[in-house]
Amino acid sequence: MTNKLILFSVAAFSLTACKKEAPKQDGPKPFPVVSVETKNIVGYDNFPASIEGRINNDVRAKIQGYITQVLVDEGQYVTKGQPLFRLETNILTENAAASKAGIGAAESNIAAAQAQVNAANVEVNKLKPLVQKNIISNVQLQTAQASLAQAQAGLQQAIAAKRQAVANYKGVEANIDYSVIRAPISGVIGKLPLKVGSLVGPTDQVALTTISDTSEIFAYFSMNEKEYFNFLEKSTGANISEKIKNLPMVELQLANGSIYPEKGRIEAITGSLDRSTGTIQFRVAFKNAQKLLSNGNSGTIRFPKHYDNVLVVPESATYEQQGIVYVYKVEKDTARNTVVDVIERIDNLALIKSGVKNGEIIIAAGTGNVKPGTAVKPKKISMDSLVQSVKPKF
């Protein structure tokens, strides 16, 4: 009897313990949901770009000499013809004085030669009537005429010598003028690697400086061969010229992430592939009236891509398994996973080609906590508010 009571008590206790440990059934969990929408979206293809002035001129000395003055500073704006450097001219000045003296000597020689010509001409004119009257022989006249020809030749040589002296003087004067090195164009001065006392000349490898006309700048970017042919297929026009003309304006993202206020237009495409890099280069022109951009800057060209009336879902609504992208549709408060074909991801939105329809309800976030068949309690939120909340802030 006692053993039966003990067994009954143990069984009752075990039954009570089992009832207490039985798991409770959870109800539907709340999840944020959104409706699939159609939007007009602008995306961008990004290409690193190097920036150069419209014109970039190296400044070099035309004569050899030592720099005596540097008349400008780096970053200074100069106008065409403005003096930039001065070279020493002591020897040139001495050469100019000698050349000028040479002109004076040549003029004296011309005067002497002209006098000889005049004298020889008088002698010929005096002998001609005497020969005609047979007073003297013709030999004397021929001798006088030969002397006149010789005097005339001497005069021509003296005139030629003066021309040479004048040319020499002008050459020295030109060199003196070249000793003042002037700006070949209007623009901004670059680096000044050479200082006062440096010996410079026309064959130097290092330029005195570079002047950049940055009233308009060119941004250069490249596409690889595949990107280039995709570009040709998508662009409208029968030939390259028409395609370039029909291209949209592009944006320039600066090194700090900001967008340059002026939009640019693609003006030219190189006609051949660079075999060393496997790329084709594009040139974009931007106005630069405020001189915000400088020669040598870098940036990123943003080439716009327009998607009209495309299906969109929050990027946080998608998840991937074995290379396949899914979203969870909510049907009768139950999560059902479905495969979607994503065209592109832009600004925290996934652009969808197929798999969902406009207006369908999907789980917007927290898909890592959902399994197919999970009971959910939909909590409707705005897609725009969700997308904006996850945008990075700079």
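Residues numbered from 1 in each chain as written. Predicted model: local features only at pLDDT ≥ 70, side-chain atom pairs only at ≥ 80, totals over all residues. Heavy atoms only, no water.

### What about the overall build of the chain?
- Within the chain one finds six helices and 20 strands.
- In terms of overall dimensions, the chain is more spread out than a globule: its C-alpha atoms have a radius of gyration of 46 Å, far above the 21 Å expected for 394 residues.
- Taken along the three principal axes of its C-alpha coordinates, the chain extends 190 × 50 × 35 Å.
- Per-residue burial for the chain yields a buried fraction of 33% across its 394 residues.
- A separation threshold of at least 6 residues defines the contact pool for the chain, and within that pool the share at least 24 residues apart is 75%. (Helix = DSSP H or I, 4+ residues; strand = E, 2+ residues; numbered from the N terminus. Rg over C-alpha atoms; globule rule 2.2 N^0.38 Å. Buried < 20%, exposed > 50% of the residue type's maximum accessible area, 1.4 Å probe, protein only. Contact = heavy atoms within 4.5 Å.)

### Structural notes on the pattern of salt bridges
- Summed over all chains, the structure comprises eleven salt bridges.
- Notably, a salt bridge pairs Asp-384 with Lys-39, separated by 3.3 Å at the nearest N-O pair. Taken together, the positions of Asp-384 in helix H6 (residues 383-389) and Lys-39 in strand S2 (residues 37-59) put the pair 345 residues apart, joining distant regions of the chain.
- Overall, the relative accessible area of 43% leaves Asp-384 in the partly exposed class.
- By relative accessible area, which is 19% here, Lys-39 ends up buried.
- Measuring nitrogen to oxygen at the nearest pair gives 3.4 Å for the salt bridge that ties Glu-360 to Lys-329. (Salt bridge = Lys/Arg side-chain N within 4 Å of Asp/Glu carboxyl O.)

### Brief notes about the confidence of the model for the chain
- A residue-level look at the chain finds 91% of positions with pLDDT of 70 or above and a mean pLDDT of 85.
- Mean pLDDT in the chain bottoms out at helix H1 (residues 2-21), which sits at 46, and peaks at strand S10 (residues 251-254), which reaches 95.
- Scored below 50 in pLDDT, residues 1-15 shows zero contacts in the model against residues more than four places distant or in partner chains.
- In the model, residues 17-25 has pLDDT below 50 throughout and makes zero contacts with residues more than four positions away in sequence or in other chains. (pLDDT = per-residue confidence, 0-100.)

### Looking at the environment of Gln-281
- Looking at the element boundaries, Gln-281 is found in strand S12 (residues 279-287).
- With 90 residues separating them along the chain, Gln-281 and Lys-191 place their C-alpha atoms 27 Å apart.
- Once you skip the residues sitting within four places of it in the chain, Gln-281 turns out to touch Tyr-220, Phe-221, Ser-222, Ala-268, Ile-269 and Thr-270.

### Focus: the nonpolar core
- Ranked by internal contacts, the top residues of the largest apolar core, which has 24 residues, are Phe-221, Phe-231, Phe-282, Phe-286 and Ile-301.
- Residue assignment for this core shows that the elements contributing at least two residues are S2, strand S9 (209-224), helix H4 (225-234), strand S11 (265-269), S12 and strand S13 (298-314).
- Not counting residues up to four positions away in its chain, the partners in contact with Phe-231 are Met-223, Leu-247, Ile-269, Phe-282 and Phe-303.
- Counting residues in hydrophobic clusters, the runner-up holds 23 residues, among them Ile-41, Val-340, Ile-362 and Leu-386. (Core = buried A, V, L, I, M, F, W, Y, C linked by side-chain atoms within 4.5 Å.)

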